[in-house]
Amino acid sequence: MNRMYVCNCFGVTEDQVKKHADGGACTPRQIASACKAGTDCGSCVRRIQALLGRGACSRRELVEQGSAALTADAKALVRLPEAA
C-alpha cells in the first residue's frame, strides 16, 4: 500500500484528510481539529487546502454562513466551538 503523507509531523495521509473532509471538515482548521495536521510546522497547510479544493465540500457554503453543517459523525471527528 502506497501512502502519500500530507503531514509528516503527525503522520497524516491524504486518505485520512479525505476521510475527514467526507465527514464534513471543510477547512484546514477543521482538518487540524480532527487530526492535528497543520498544527506543528505548518508546511502541509497548502496541501490540505489543495485536497479540500475550492467548493469541493458540499457543505462549504453553510459553513461559511455559520450554519450547522456537520453531520453527527463529523462533529465527533471535528471539535468546533459551540455557537453562542
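In what follows, the accompanying structure is described. (Residues numbered from 1 in each chain as written. Predicted model: local features only at pLDDT ≥ 70, side-chain atom pairs only at ≥ 80, totals over all residues. Heavy atoms only, no water.)

Describing the environment of Cys26
Topologically, Cys26 is positioned in the loop between helix 1 (14-22) and helix 2 (28-35). It is 9.1 Å that separates the C-alpha atoms of Cys26 and Gly53, two residues lying 27 residues apart in sequence. (Helix = DSSP H or I, 4+ residues; strand = E, 2+ residues; numbered from the N terminus.)

What to know about helix 1
Turning to helix 1, its buried residues number three or more, namely Glu14, Val17, His20 and Ala21. The buried residues of helix 1 all sit within an arc of 130 degrees when viewed along its axis, so they share a single face. Opposite its buried face, helix 1 presents the exposed residues Asp15, Lys19 and Asp22, each directed more than 90 degrees away. A positive backbone phi angle near 120 degrees is found at Gly24, which sits one or two residues after helix 1. (Buried < 20%, exposed > 50% of the residue type's maximum accessible area, 1.4 Å probe, protein only. Arc of directions from axis to C-beta.)

So, the side chain of Thr13
When you line up the elements, Thr13 lands in strand 2 (residues 12-13). Not counting residues within four places of it along the chain, the set of residues in contact with Thr13 comprises Arg3, Met4, Tyr5 and Val6. (Contact = heavy atoms within 4.5 Å.)

Thoughts on the pattern of salt bridges
Tallying each qualifying case throughout the model produces one salt bridge. A salt bridge links Glu14 to Arg47, with the nearest nitrogen and oxygen atoms 2.4 Å apart. Highlighted residues: Glu14 in helix 1 and Arg47 in helix 3 (residues 45-52), separated in sequence by 33 residues. Overall, the relative accessible area of 15% leaves Glu14 in the buried class. (Salt bridge = Lys/Arg side-chain N within 4 Å of Asp/Glu carboxyl O.)

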